[in-house]
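# Architecture and fold: a report
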Amino acid sequence: MVSEDRKSITFFSLLTVHCSLFTVMLLLACQTAPKFPDVSLTETVPLEAGASAYIIADAKEAKQILELLPIEGLKNKQVKQMMEKTDFLVVAVYPPESGKRLQIAATGSYPSAQAGMALSFNKDWKKQRAESGAYWYSVKDKFSIALDSKQAFAASWLDTPASPIAAGAEIPEGFNEFRHGTTISLWLPDPGPKMNKLLDSMGIPFQIPAERLLAGLFPVQDKYEMVIRMQFPAAAQARGIASLLSLARNFPPSFSADNPNSVLAAVFFANPPVQDGQNINIKSAPLSENEVALLFRMFLLY
């Protein structure tokens, strides 16, 4: 049995090294802030608008995949241990011109008593009071955080300190129903540029004018199936793109097993696209964890 003093020493030592976003989010805490937004996800997520992608995950079910994603610090040993205290998280990934890198809202059970004291003794962290609630920030690490015992908010920024507490970004219509039963889900507010680059990499000679893309990962035995929903301004556009994708399935690209684009073929050509009004739904072939991680990397970084 580890004593409370020993826990405090261990906790303080983690804060003296270079902190990643998740390390800070999960290890540090401030005083309870009753003005914190709810992370229950009804009509909004407690993150800033303007992200290039929003990811929602069951932290325990998606643990292995989260460790493979291109999010700073997830491979850190201490982060992996502390992730056990998180149940649910939402991550926003921002383009560089926004001045932010990431923003996170999470729920779980966090060591707020020891953490608040540790922050007070760390010279790299300053406390900032705001209307939405007090938060801590580090100019050195370019992170800001606000925690209580059940909720965690964090932000990573480029130059100017930013509050991790946001008014909220609107959840797309139908997304909560779409993500029901998923391990990880995401939406891309402006998927056109990414989608068109991915299609071009597969040699598909047309563009997809989708207004929004939703993706959900469903566990199937020891693998996963991904469902992609592309949302269009009008049903006529969805019908035309569905026809083009169906035609392209007759001439699928051929990739070697070690080609990263091979996973795209497993998504776009495994099953025929299904039009549903202004939406097109595509179901992937069974995917391994590594294939899923590669696919998410393409969505986030391509």
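Everything below is about the structure shown above.
Here goes a summary of the coordinates provided. Worth saying up front: this structure is predicted, and the values here are computed from it rather than measured.

Moving on, we get to the overall build of the protein. Scanning the protein from N- to C-terminus turns up ten helices and 14 strands. Relative to its full complement of 302 residues, the protein shows a buried share of 50%. Across the protein, contacts joining residues at least 24 apart in sequence account for 67% of those joining residues at least 6 apart. Put simply, the protein shows about 14,300 Å² of open surface, and 51% of that area lies on carbon and sulfur atoms.

One finds Ile 208, Leu 213, Met 226, Met 230 and Phe 299 to be the most contacted residues of the largest nonpolar core, which totals 56 residues. It is helix H10 (residues 289-301) that contributes the most residues to this core, six residues altogether. Ignoring anything within four residues of it in the chain, the contact list for Met 226 reads Ala 215, Gly 216, Leu 217, Ile 282, Lys 283, Ser 284, Leu 287, Leu 295, Phe 296 and Phe 299.

As for its placement among the helices and strands, Ala 210 is situated in the loop between helix H7 (192-201) and strand E11 (212-220). As for Ala 210 and Gln 231, which are separated by 21 residues in sequence, their C-alpha atoms are 5.5 Å apart. Ignoring sequence-local partners within four residues, the contact set of Ala 210 consists of Pro 191, Gly 192, Met 230, Gln 231 and Phe 232.

The twelve strands lie next to each other as E5-E6-E7-E8-E4-E3-E2-E10-E11-E12-E14-E13, forming an open sheet whose pairing is antiparallel. Two strands in the sheet have a free side with no partner beyond their single neighbour: strand E5 (126-128) and strand E13 (274-276). Each strand axis lies, on average, 20 degrees off the axis of its neighbour in the sheet, ignoring direction. Here strand E12 (residues 223-231) pairs with strand E14 (residues 279-283) via five bridges, running antiparallel. Among the inter-strand pairings, Met 230 is bridged to a residue of E14, identified as Ile 280. Docked against the sheet, H10 engages strand E2 (53-58), strand E3 (86-93), strand E10 (184-188), E11 and E12, running at close to 25 degrees with respect to E12.

Backbone phi values are negative for most residues with the exception of glycine, while trans is the configuration of most peptide bonds. Unusually for a residue other than glycine, Lys 142 sits at a positive phi of about 60 degrees. For Lys 142, a relative accessible area of 29% gives the class partly exposed. Phi is positive for Gln 221, close to 55 degrees, though the residue is something other than glycine. Checked against the element boundaries, Gln 221 lands in the loop between E11 and E12.

For the coordinates displayed, the defined rule picks out four aromatic pairs. On the numbers, 6.5 Å between centres and 55 degrees between planes, the contact of Tyr 135 with Tyr 137 is tilted. Pair check on accessibility: Tyr 135 and Tyr 137 agree, each one buried. One cation-aromatic arrangement involves Lys 100 over Tyr 94; the distance from NZ or CZ to the ring centre is 4.7 Å.

What follows is about the environment of Ile 55. Looking at where Ile 55 falls in the secondary structure, it is placed in strand E2. Among residues more than four places away in sequence, those in contact with Ile 55 are Leu 89, Val 90, Val 91, Ile 184, Ser 185, Leu 186 and Leu 300.

The next subject is the pattern of salt bridges. One pass over the full model with this rule turns up four salt bridges. Notably, a salt bridge pairs Asp 124 with Lys 140, separated by 3.7 Å at the nearest N-O pair. Pair noted here: Asp 124 is in the loop between helix H5 (112-120) and E5 and Lys 140 is in the loop between strand E6 (135-138) and strand E7 (143-147), with a separation of 16 residues, a long-range link. Salt-bridge contacts for Glu 225 lead to Lys 283; the nearest nitrogen and oxygen are separated by 3.4 Å. One end of the pair, Glu 225, is in strand E12; the other, Lys 283, is in strand E14, with 58 residues separating them in the sequence. On the basis of relative accessibility, which here comes to 40%, the residue Lys 283 falls in the partly exposed class. Bridged by salt links that share partners, the residues Lys 123, Asp 124 and Lys 140 form one connected network.

Rules of the game
Residues numbered from 1 in each chain as written. Predicted model: local features only at pLDDT ≥ 70, side-chain atom pairs only at ≥ 80, totals over all residues. Heavy atoms only, no water. Helix = DSSP H or I, 4+ residues; strand = E, 2+ residues; numbered from the N terminus. Buried < 20%, exposed > 50% of the residue type's maximum accessible area, 1.4 Å probe, protein only. Contact = heavy atoms within 4.5 Å. Areas by Shrake-Rupley, 256 points an atom, 1.4 Å probe, with all protein chains shown as cover. Core = buried A, V, L, I, M, F, W, Y, C linked by side-chain atoms within 4.5 Å. Pairing = 2+ DSSP bridges. Axes fitted to C-alpha atoms, helices over the stretch in contact; angles between N-to-C directions. Phe/Tyr/Trp six-rings, centres within 6.5 Å; stacked < 30°, edge-to-face > 60°. Lys NZ or Arg CZ within 6 Å of the ring centre and 35° of its normal. Salt bridge = Lys/Arg side-chain N within 4 Å of Asp/Glu carboxyl O.

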